[in-house]
Amino acid sequence: MSTNPMPHAPRTDWPQVVGELIQARQTILPRRLVAPGPDQEQFHAMLEAASAAPDHGQLLPWRFVLVPEAQRAALAEVFAQALTERDALATDEQREQAREKAFRAPRLLLLVVDAACGDSEVDLSERLLSAGAAVQNVMLVATALGFGSALTSGKALKSDTLRRALALREPEQAVCFLSIGTVASRQPVPPRPAVADYLSTWGSHP
């Protein structure tokens, strides 16, 4: 009986195909992501890929919140209010710029990580790593389907206004937004770091 834990034998072309897909992924700023976005079947495939992320203890410590078109105006007001919370002197123009960010990209998701669900021995760092892997899986499938994607953060994610609007519980953290859409324009891919830039060997001399 085979002891191979994989449901299928690895294909001989996987290293090349997966490597090319990973290298093809690049960040496309949300303002360059336009309609059409992924249809429901494509979007489901992206989200389904997230379930393959490593997850110590099977806690599912992360979740996505979809911001549909009908809620973009509400999110825009959250962004404007969050700006006012941290800068009472913000101008009308600055608040309008904050609002505009809510309307970019056809598909918009918020990533939320729970710092306390399940086993308390699984620290936040592991939960964030699991969430990061889930996001990368979504972005890779988006790339494979011909769409662009981007992660964005910002100070609004830490605002009380956003927490109240999304009914986040105390242990939950809003980590980033994930935008997905058709690429309107693409910048050159910046140079990738070489393996030697991020690999060292324990015990070797500088």
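The structure this text deals with has already been given above.
Parameters and conventions
- Residues numbered from 1 in each chain as written.
- Predicted model: local features only at pLDDT ≥ 70, side-chain atom pairs only at ≥ 80, totals over all residues.
- Heavy atoms only, no water.
- Helix = DSSP H or I, 4+ residues; strand = E, 2+ residues; numbered from the N terminus.
- Contact = heavy atoms within 4.5 Å.
- Areas by Shrake-Rupley, 256 points an atom, 1.4 Å probe, with all protein chains shown as cover.
- Lys, Arg positive; Asp, Glu negative; His and termini not counted.
- Charge placed at Lys NZ, Arg CZ, Asp CG, Glu CD.
- Buried < 20%, exposed > 50% of the residue type's maximum accessible area, 1.4 Å probe, protein only.
- Pairing = 2+ DSSP bridges.
- Salt bridge = Lys/Arg side-chain N within 4 Å of Asp/Glu carboxyl O.
- Axes fitted to C-alpha atoms, helices over the stretch in contact; angles between N-to-C directions.
- Left-handed = near helix turned anticlockwise from the far one by under 90°.
- Nonpolar A, V, L, I, M, F, W, Y, C, P; charged D, E, K, R; others polar.

(A) Summary view of the overall build of the chain. Counting secondary structure elements, the chain contains seven helices and five strands. Moving toward the C terminus, one meets the helices and strands of the chain in the order α-β-α-β-α-α-β-α-β-α-β-α. Projected onto its principal axes, the C-alpha coordinates of the chain cover approximately 65 × 45 × 45 Å. For the chain, long-range pairs separated by at least 24 residues make up 80% of all intrachain contacts whose partners lie at least 6 apart in sequence. Per element, the accessible surface of the chain, about 13,000 Å² overall, is 58% carbon and sulfur. Taken together, the 20 basic and 23 acidic charged side chains of the chain have centroids lying 6 Å from each other.

(B) Spatial organisation of the pairing of strand 3 (residues 107–114). Judged by how many residues are buried, strand 3 sits mostly within the fold: eight of eight residues are covered. Side chains R107, L109, L111 and V113 project from strand 3 onto one buried face, and the interleaved L108, L110, V112 and D114 project onto a second face that is buried too. With five bridges connecting them, strand 2 (residues 62–66) and strand 3 associate as antiparallel partners. By the bridge assignment for strand 3, L66 is matched with L109. Note that strand 3 and strand 5 (residues 172–183) share eight bridges and pair antiparallel. If you follow L110 over to strand 5, its bridge partner there is F177.

(C) Molecular detail of the environment of T182. Here T182 shows up in strand 5. On the basis of relative accessibility, which here comes to 24%, the residue T182 falls in the partly exposed class.

(D) Geometry of the pattern of salt bridges. Using the criterion set out here, one finds nine salt bridges in the structure. In this structure, R99 and E96 form a salt bridge, with 3.3 Å as the shortest nitrogen-oxygen distance. Separated by three residues within a single helix, R99 and E96 lie in helix 4 (residues 92–100), roughly one turn from each other. On the accessibility criterion, E96 (45% relative accessible area) is partly exposed. Shared partners join several salt bridges into a network, and the residues in it are R63, D114, R169 and E172.

(E) View of unusual backbone geometry. With omega at 5°, the peptide bond leading from A35 into P36 counts as cis. Relative to the elements of secondary structure, P36 occurs in the loop between strand 1 (33–34) and helix 2 (40–50). Its identity as a non-glycine residue notwithstanding, A105 has a phi of 70°, on the positive side. Residue class for A105 comes out buried when judged on its relative accessible area of 5%. At A167, a residue that is not glycine, the phi angle is positive and equals roughly 55°.

(F) Looking closely at the packing of helix 2 against helix 5 (residues 124–144). In contact at an axis separation of 7 Å, helix 2 and helix 5 are set at 145° when each is read in the N-to-C sense. In the crossing of helix 2 with helix 5, the sense of the turn from one axis to the other is right-handed. On the side of helix 2, the interface is formed by A45, M46, L47, A49 and A50, while helix 5 contributes A134, N137, V138, V141 and A142. The class makeup of the residues in the contact of helix 2 with helix 5 is nine nonpolar, one polar and no charged.

(G) Structural context of the environment of A90. Along the chain, the position of A90 falls in the loop between helix 3 (72–86) and helix 4. The exposure class of A90 is buried, given its relative accessible area of 6%. Distance in space between the C-alpha atoms of A90 and A80 is 9.4 Å, their sequence separation being 10 residues. Ignoring any residue separated from it by four or fewer positions in sequence, one finds A90 in contact with L83 and R95.

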